[in-house]
Amino acid sequence: MEEHKENQKKEKEQNQEEKIISLKESEYLKLQQEADKAKEYWDKILRLQADFDNNRKRLEKEKQDFAKFANEGLILELLNILDDLERTVELAETKHQDLSVFLKGVEMILAHLYDMLKSYGVRPIEAEGKIFDPHLHEALMQAENKDLPEHTIIEELQKGYLLNDRVIRTAKVKVSKK
């Protein structure tokens, strides 16, 4: 029995030995060319994979940098408005100018702020006198009013805003009911 196992083992070893195959020279050269092409393609694939990985990493870094600094222009404009507000408060504290001049300065700063927001695509949502739209408005209160159709906005409690036609803050409103 042990002898039989040994014979099988020897047969296996003989079968695993490298076999010599004879080919025509033209077939051998053709196989050699195909092997060279395969190696060339493999190298090309490795280079393309490396390029792809490098591009992916570069795009990820650009995306992170964009997110990090995307609001730089907006912040610079807000800093200008902040400077205007600080100057207005300083003037009011040091020169004790009358309230109307101070109010005019604040109104000018508000106008500047509204213009800046408009340039970035921000605009207020119209509310008062309009029919309630749950996509644009948030009803905080209801009040009976027989003079207006039901669900008409009586009062705007807080302004809502759109950013390029997307609601970024709903308008908080008081709505009529019968």
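All of these numbers come straight from a predicted model, not from anything done at the bench. (Residues numbered from 1 in each chain as written. Predicted model: local features only at pLDDT ≥ 70, side-chain atom pairs only at ≥ 80, totals over all residues. Heavy atoms only, no water.)

Colleague: What exactly am I supposed to notice about the sheet that holds strand 2 (residues 137-144) here?
Modeller: Two pairing modes exist for strands in a sheet, parallel and antiparallel, and in both the strands are linked by backbone hydrogen bonds. The strand order 2-6-3 describes an open sheet built from 3 strands, whose pairing is mixed. Taken across any chain shown, the strands that pair with only one partner, and hence form the sheet edges, are strand 2 and strand 3 (153-158). Along the sheet, successive strands turn relative to each other by an average axial angle of 25°, direction set aside. Of the pairings in the sheet, the one linking strand 3 to strand 6 (residues 171-177) comprises 4 bridges and is antiparallel in character. (Pairing = 2+ DSSP bridges. Helix = DSSP H or I, 4+ residues; strand = E, 2+ residues; numbered from the N terminus. Axes fitted to C-alpha atoms, helices over the stretch in contact; angles between N-to-C directions.)

Colleague: Honestly, the layout of surface pockets in this entry has me stumped. Any pointers?
Modeller: In this approach a probe as big as a water molecule rolls over the atoms, and the regions it shows empty are the leftover space. The calculated volume of the largest pocket comes to roughly 190 Å³. Among the residues making up the lining of the largest pocket, the classes are represented as 6 nonpolar, 3 polar and 2 charged. (1 Å grid on protein atoms, 1.4 Å probe; cavity = no way out; pocket = protein on both sides within 12 Å on 5 of 7 lines; lining within 4 Å. Points joined across faces, edges and corners; volume = space filled by probe spheres on them. Nonpolar A, V, L, I, M, F, W, Y, C, P; charged D, E, K, R; others polar.)

Colleague: I'm lost on the sheet that holds strand 5 (residues 166-169) in this one. Help?
Modeller: Read from one edge of the open sheet, 3 strands run 1-4-5, paired in antiparallel fashion. The strands lining the two open edges of the sheet, one partner per strand, are strand 1 (122-124) and strand 5. Across the sheet, the axes of successive neighbouring strands diverge by a mean angle of 35°, strand direction being ignored. In the sheet, strand 1 pairs with strand 4 (residues 161-163) via 3 bridges, with the strands oriented antiparallel. Its bridge partner lying in strand 4, Arg123 is registered against Leu162.

Colleague: Would you take a moment to explain the pairing of strand 5 for this structure?
Modeller: Side-chain direction in a regular strand flips from residue to residue, so the side chains alternate between the two faces of the sheet. Across 3 bridges, the pairing between strand 4 and strand 5 is antiparallel. Looking at strand 5, one finds that Leu163 is bridged to Arg166. In this structure, the hairpin formed by strand 4 and strand 5 is closed by a connection of 2 residues, where Asn164 is found at a positive phi of approximately 50°.

Colleague: Help me out: how do you make sense of the packing of helix 3 (residues 72-95) against helix 4 (residues 99-119) in this one?
Modeller: The angle between the axes and the distance between the axes are what describe a pair of packed helices. Closest axis-to-axis distance for the helix 3/helix 4 pair is 10 Å, and the angle between their directions is 175°. When the axes of helix 3 and helix 4 are compared, the pair comes out roughly antiparallel. Between helix 3, through Leu74, Glu77, Leu78, Ile81, Asp84, Leu85, Thr88, Val89 and Ala92, and helix 4, the contact on the second element is made entirely by Phe102, Val106, Ile109, His112, Leu113 and Met116. Residue classes in the contact of helix 3 with helix 4 are distributed as 11 nonpolar, 2 polar and 2 charged. (Parallel < 35°, antiparallel > 145°, perpendicular 65-115°, else oblique. Contact = heavy atoms within 4.5 Å.)

Colleague: Looking at this structure, how should I read the nonpolar core?
Modeller: Side chains of nonpolar character tend, in soluble globular proteins, to be buried together. Grouped together as the largest cluster of nonpolar side chains are 5 residues: Ala127, Ile153, Ala171, Val173 and Val175. The contact partners of Ile153, leaving out residues within four places of it in the chain, are Ala127, Glu128, Gly129, Lys130, Phe132, His137, Val173, Lys174 and Val175. (Core = buried A, V, L, I, M, F, W, Y, C linked by side-chain atoms within 4.5 Å. Buried < 20%, exposed > 50% of the residue type's maximum accessible area, 1.4 Å probe, protein only.)

Colleague: Is there a simple way to explain the environment of Gly121 in this structure?
Modeller: Looking at the secondary structure, you find Gly121 in the loop between helix 4 and strand 1. Beyond its immediate sequence surroundings of up to four residues, Gly121 is in contact with Leu162, Leu163 and Asn164.

Colleague: Sorry, what's going on with a negative patch on the surface here?
Modeller: Taken together, the side chains of Asp83, Glu86, Glu90 and Glu93 define an acidic patch exposed on the protein surface. Here Glu90 falls in the exposed class, since its relative accessible area comes to 52%. (Patch = residues over 30% accessible without salt bridge, like charges linked within 9 Å, V, L, I, M, F, W, Y side chains within 5 Å. Areas by Shrake-Rupley, 256 points an atom, 1.4 Å probe, with all protein chains shown as cover. Salt bridge = Lys/Arg side-chain N within 4 Å of Asp/Glu carboxyl O. Lys, Arg positive; Asp, Glu negative; His and termini not counted. Charge placed at Lys NZ, Arg CZ, Asp CG, Glu CD.)

Colleague: When you look at the pattern of salt bridges in this model, what are you seeing that I'm missing?
Modeller: Two side chains that carry opposite charge are able to pair once their charged atoms sit near each other. For the structure shown, the criterion picks out 8 salt bridges. Glu138 is paired through a salt bridge with Lys172; the nearest N and O atoms lie 3.4 Å apart. Of the two residues, Glu138 is situated in strand 2 and Lys172 in strand 6; the sequence distance between them amounts to 34 residues.

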